[in-house]
Amino acid sequence: MTDSNDDPSAAPVRSRERDLPADRAFVCDDCGTRWYYDRRRCPDCGRSSADAATVRLETGTVVATTTVETTPPDVRAPNHLALVRFDGVQVTAQAADGDLAPGDTVRFEGSHRLRESRDRRDPRLVAVDDD
Ligand SMILES: [Zn+2]
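Rules of the game
- Residues numbered from 1 in each chain as written.
- Predicted model: local features only at pLDDT ≥ 70, side-chain atom pairs only at ≥ 80, totals over all residues.
- Pairing = 2+ DSSP bridges.
- Helix = DSSP H or I, 4+ residues; strand = E, 2+ residues; numbered from the N terminus.
- Core = buried A, V, L, I, M, F, W, Y, C linked by C-beta atoms within 7 Å.
- Buried ≥ 20, exposed ≤ 12 C-beta atoms within 10 Å, placed from the backbone.
- Domains from an automatic or database assignment.
- Contact = placed C-beta atoms within 7 Å.

The chain is annotated in an unreviewed UniProt entry as DUF35 domain-containing protein of Halorubrum hochstenium ATCC 700873.

What follows is the structure in structure tokens.
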């Protein structure tokens, strides 16, 4: 048995699949380029991604939002989604609610079952109040 989610904030974990927590991106060991969705090679220098490290995404800016009313059977409905630009990567992820708007600063927070058919839990996007 393995338990890989004891401490998601621990120093870089290594994974070859997008089966990462929602708030982590891959980072190239050679050139530092980041990417979010699993790929075989670094998009910048071509290094194999097989042993790429990962980094936690801190705060990002909402580019666009949408709400999906018709979802797969194990996904909440309505499903609030946001397209967010973090440092070096652009991500589509579940938002905690439908209140986000383009230009908002957000971060990942909480622990939710994003799909009822899976046991794993991931954070959702929430607005950051910076004043
Ligand atoms: Zn690279």
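Now that the structure is up, let's keep going.
It is worth spelling out the sheet that holds strand E1 (residues 24-27) at this point. In spatial order, the strands read E2-E1-E3; together these three strands make up an open sheet with antiparallel pairing. The open sheet has two edge strands, strand E2 (34-35) and strand E3 (53-56), and neither has a second partner. Summarising the sheet, E1 and E2 pair through two bridges and their orientation is antiparallel. Within the sheet, the bridge partner assigned to phenylalanine 26 lies in E2 and is tryptophan 35.

Let us look at the nonpolar core. Within the largest apolar cluster, 16 residues are counted, with the highest numbers of intra-cluster contacts made by Ala82, Val84, Ala93, Leu100, Val106 and Leu125. Of all the secondary-structure elements, those providing two or more residues to this core are E1, strand E5 (79-86) and strand E7 (105-112). Residues from two domains meet in this core; each of domain 1 (11-56) and domain 2 (59-127) gives at least three. Each residue touching valine 106, except ones within four places of it in the same chain, is listed here: Thr59, Gly60, Val62, Ala82, Val84, Leu100, Leu125, Val126, Ala127 and Val128.

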